[in-house]
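Analysis of the macromolecular model
What follows is each chain in one-letter form.
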Amino acid sequence: MFTSISGRSVLVTGGTKGIGKGLAASFAAEGANVMIVGRDREAGERAAAELAASGKVAFEQGDVGSAASCAAVVAAAEELHGGLDIVCCNAGVFPSARLEEMTPEQLEEVLATNLKGTFFVVQAALPALRRSGRGRVIVTSSITGPITGYSGWSHYGASKAGQLGFMRSAALELARSGITINAILPGNIITEGLEDLGPDYLRTMEAAIPLGRLGSIKEVASAALFLATEEAAYITGQTLVIDGGQTVPESLEAMG
């Protein structure tokens, strides 16, 4: 239905687990050459080996909170794949900390990975994306921050809302080079991180979702794949919410 992305070079930060791993699997299954990035070498190499069943996937160790590390992983992707066409800024952390207890170090940890990491990866990838002639940047944000709030995640919400502010201004700068940048905003998706919150949390979330279930990683990846296609070339600076309608009703009673 869409123009093939086979042979394109894709970089996925935070690609060793969760949504990032799902993004890598889906792009690889479509024939793209994928490089996943993570801080833990052992976990990264294990993930790449598992993802090999989907297609061509390599691992490069890196920390998106470091501009120098971002430049190194972009260079590695270019060298391995002969260029870079698609960047998925997916790396993120979400430790819980209430405002009255949050330390400067905890705040910096979240902002460094979630917000600064998005800046650094896009900055590092710009020359390669310009050379591509069909550059795509896909930012994994969240409904938490841009649309909703959650106690204990004020630093996380601020980082995710900040990503969208960055994206909209970056879209204006990148457009002159034919590069698009958009964001996906997942709601409650079944991942390792969500499962760790416990069955009571999962049941409560399901009750708040009009479609009556949590989303799958595959559903998030499908949205990212669309934004990477030629058919999405006229879409930039936009957000795509993937939440089963969770952010629509005013209250549980409004769901009928």
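Structure's up top.
Residues numbered from 1 in each chain as written. Predicted model: local features only at pLDDT ≥ 70, side-chain atom pairs only at ≥ 80, totals over all residues. Heavy atoms only, no water.

**Examining the packing of aromatic side chains**
Where we set the bar: For this analysis, a ring pair means two rings from Phe, Tyr or Trp (six-membered ring only for Trp) whose centres lie within 6.5 Å, classed as stacked if their planes differ by under 30 degrees, edge-to-face if by over 60, and tilted for the remaining angles. Strands here are runs of E lasting at least two residues and helices are runs of H or I lasting at least four, both read from the DSSP assignment and numbered beginning at the N terminus. Using a 1.4 Å probe on the protein chains alone, a residue whose accessible area is under 20% of its type maximum counts as buried, one over 50% counts as exposed, and one in between counts as partly exposed.
For the structure shown, the criterion picks out seven aromatic pairs. The interplanar angle of 70° and the centroid separation of 5.9 Å between the aromatic rings of F94 and W153 together place this pair among those described as edge-to-face. Taken together, the positions of F94 in the loop between β4 (86-89) and α4 (104-132) and W153 in the loop between β5 (136-140) and α5 (154-175) put the pair 59 residues apart, joining distant regions of the chain. Of the residues examined, F94 reaches a relative accessible area of 39% and is grouped as partly exposed. Geometrically, the ring pair formed by Y150 and W153 is tilted, given 5.2 Å between the ring centres and 35° between the ring planes. Classification of Y150 by relative accessible area gives partly exposed; the value is 39%. Ring pairing ties together the aromatic residues F94, Y150, W153, Y156 and Y201, which thus form one cluster.

**With respect to the pattern of salt bridges**
Our working rule: Throughout this description, the term salt bridge denotes a Lys or Arg side-chain nitrogen within 4 Å of a carboxyl oxygen of Asp or Glu.
All told, the structure shown has 10 salt bridges when counted by the stated rule. Put simply, E100 and R98 hold a salt bridge, and the shortest N to O gap is 3.6 Å.

**Examining the sheet that holds strand β1 (residues 9-13)**
This is how the line gets drawn: Pairing between two strands is assigned when DSSP locates at least 2 bridges connecting them. Lines fitted to C-alpha atoms define the axes, with helix axes restricted to the stretch in contact, and inter-axis angles between N-to-C directions lie between 0 and 180 degrees. Here, two residues are considered to be in contact whenever any of their heavy atoms come within 4.5 Å of each other.
Taken together, seven strands build an open sheet; the order of strands is β3-β2-β1-β4-β5-β6-β7 and the sheet is parallel. Two strands close off the open sheet at either side, each with one partner strand: β3 (56-61) and β7 (239-242). The mean angle between the axes of side-by-side strands here comes to 20°, regardless of whether they run parallel or antiparallel. Sheet topology places β1 next to β4; three bridges connect them, and they run parallel. Paired with V10 across the bridge in β4 is I86. Helix α3 (residues 67-81) rests against β1, β2 (33-38) and β3 of the sheet, and its axis sits at about 155° to β2. Against the sheet, α4 touches β1, β4 and β5, its axis set at about 180° to β4.

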